Amino acid sequence: MKKAAILTLSLVALLSSCVNNGGGQFSSSSDSSFSSSSSSSSSPSSSISSSSSSSSSSSSSSSSSASSSSSSSLEPEYLYSPSPEDHLQVFALEMKGTYGNSPLFKYGNFEILIDGGTYNSSSIVESALKEHVTDGVLDMLILTHPHSDHYGGMPLSVFNGASITSIPTIIDSGADEYSYEGYITAWVEGVRDTFIDKGSAYYPVQSLVDGTYPSSFLITKDLTLTFLDTGNYTPAGGDGSAGNSTSVACSLRAGTFDFVMVGDLPSSEESDLMSLNERSSFTNEGDTVVFKAAHHGSPGANSSAFMDYLRPSYAWCSSAITSQSQTSSGPKSQHPFLAARKRIEALTGKDNLYWNGTMGTIDMELDKDFANFSIHGEGRKAAVYYTKSGTKVDAAIEKDTPLEETEWAKSGA
Ligand SMILES: [Ca+2]
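Definitions and limits used
Per chain, residue numbering runs from 1 following the sequence as it is written. Restriction of local features to residues with pLDDT of at least 70 applies here, the model being predicted, together with a cutoff of 80 or more for giving and counting side-chain atom pairs; totals for whole chains, interfaces and linings are based on all residues. Each side-chain value is derived from all of the structure's non-hydrogen atoms; neither hydrogens nor water enter the calculation. Helix and strand definitions follow DSSP, with helices as H or I runs of at least four residues and strands as E runs of at least two, each counted in order from the N terminus. Each residue gets one of three labels from its accessible area relative to the maximum for its type: buried under 20%, exposed over 50%, partly exposed in between, using a 1.4 Å probe on protein chains only. In plain words, nonpolar cores are sets of buried Ala, Val, Leu, Ile, Met, Phe, Trp, Tyr and Cys residues tied together by side-chain atoms within 4.5 Å. Contacts are assigned to residue pairs with any non-hydrogen atoms lying within 4.5 Å of each other. Coordinating donors are taken as N, O and S atoms within 2.8 Å of the metal, stretched to 3.2 Å for Na, K and Ca; because water is absent from the atoms, sites can appear incomplete. Key to geometry: four donors with every angle between 85 and 135 degrees are tetrahedral; four donors are square planar and six octahedral where opposite donors lie over 155 degrees apart and all remaining angles lie between 65 and 115; all other sites are irregular. Note on pairing: DSSP must find at least two bridges between two strands before they are called paired. Here the axes come from fitting lines to C-alpha atoms, over the contacting stretch only for helices, and the angles between their N-to-C directions go from 0 to 180 degrees.

A. Just unusual backbone geometry, in detail. Histidine 335 connects to proline 336 through a cis peptide bond whose omega is 0°. Take proline 336: it is sitting in the loop between β17 (330–331) and α9 (338–348). The backbone of aspartate 115 sits at a positive phi, close to 70°, despite the residue not being glycine. Considering the arrangement of structural elements, one finds aspartate 115 in the loop between β4 (110–114) and α2 (122–132). The buried category is assigned to aspartate 115, whose relative accessible area is 0%. The phi dihedral of arginine 311 falls on the positive side, at around 50°, and the residue is not glycine. Mapped onto the elements of the fold, arginine 311 is located in the loop between α8 (304–310) and β15 (314–317).

B. Fine view of the nonpolar core. Within the largest apolar cluster, 71 residues are counted, with the highest numbers of intra-cluster contacts made by Ile112, Leu225, Phe227, Phe259 and Met364. In contact with methionine 364, other than residues within four places in its own chain, are Leu88, Gln89, Val90, Ala92, Phe259, Val290, Trp316, Phe373, Ser374 and Ile375. By size, the runner-up hydrophobic cluster in this structure holds 32 residues, among which are Leu138, Leu141, Ile170 and Val191.

C. Expanded view of the coordination of the calcium ion. The protein atoms that coordinate the calcium ion are Asn109 (O), Glu111 (OE), Asp135 (OD), Asp135 (OD), Val137 (O) and Asp139 (OD), at distances of 2.2 to 2.7 Å. Around the calcium ion sit six donor atoms, and with donor-metal-donor angles ranging over 49 to 162° the site reads as irregular. All donors of the calcium ion belong to a single chain; written as a sequence motif, their spacing is N-x1-E-x23-D-x1-V-x1-D. This pair shows no difference in class: valine 137 is buried, exactly as aspartate 139 is.

D. Examining the sheet that holds strand β19 (residues 362–366) more closely. Pairing within the open sheet is mixed, and its eight strands lie in the order β8-β6-β5-β4-β3-β2-β19-β20. Edge positions in the sheet fall to β8 (201–204) and β20 (373–377), since each of these pairs with one other strand and no more. Neighbour to neighbour, the strand axes of the sheet diverge by 15° on average, direction disregarded. Inspection of the sheet shows strand β2 (residues 88–92) paired to strand β3 (residues 103–107) by five bridges, in the antiparallel sense. By the bridge assignment for β3, phenylalanine 91 is matched with leucine 104. Each of β2, β3 and β4 touches α2; the most contacted strand, β3, lies at about 0° to it.

Okay, here's the thing in structure tokens:
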């Protein structure tokens, strides 16, 4: 019941938020229970679109004042109108405490945050939002799955502290329930419901891959966010106890670059993703794939088969160095584990795998023509570590260093 209320609200919210953005509305690719009780009089168009061609479909609502645009011959409407100098920046935020994951994408005034790391990382997330979301509108917020190293660093206070006044689109794995109460209070009731009440459109990811809504969000003509079916998403309003397996998988295409992220998806579910999605459904032959290592570089993810399927040219790992990560003989093995690194590097090469444990926040950037790609670290601030001989490793020296060239990796960790 609550689910239905939220979804109905969401529909209205999406329509109003799109109007506020000056962008389009959505086109439903099939009749849906989600949209049935809506009273909207707006006509459907296409700021999100199905990845399988045909866009302008009909709505189940009986729109009385169908106006302007719903012919398939028209240009699709995009969520964002870019300025000439806009270019893509990706900030893989430095994390504190174990694990943690939080990339922030920024294209002009359009931002997407995916997860927020652990509670310890909240000040980093808040600072990043303050610095980069200058219009107060965080355009999309995605929580990949209901684990605290993903939602813990982005409680409501973080968004309030960063003066985020609206989040037009929220997407998560679909869980309303989880055994850990913190998920309900911090995420479901804390962030999600609060912003839905303020007008956010909310999509459980299952509704983006089962035909209820289109699977792609058209941000600009060069920027598209596509959600990939894994066959393992939590039904809307369900229990998220399957955890990592329910992780949201998506790919952000920017020109000929594709940023692929699958949360903490384990290898068996990577296989499910491969069987359900042709690689060509989200990336073109010859595109450059940039991969966020699955599950912080866990050996139980990032399978060789998945790497062969994705064929990444670059990858980054998101996890933190902690005080527990040292032994008297130097760094000890932790995420990202060597077995996973080797499987990723079989495709990227050793020089193109990066880790924000040693680099701090990783800044990735494409120029405005989507031609030149660069990766730099801002420098590790959250942690210190020592070599086997007890020498403190200077953060500044390793800020741009690929993972296998760091003192950490050279120690055998
Ligand atoms: Ca914005």
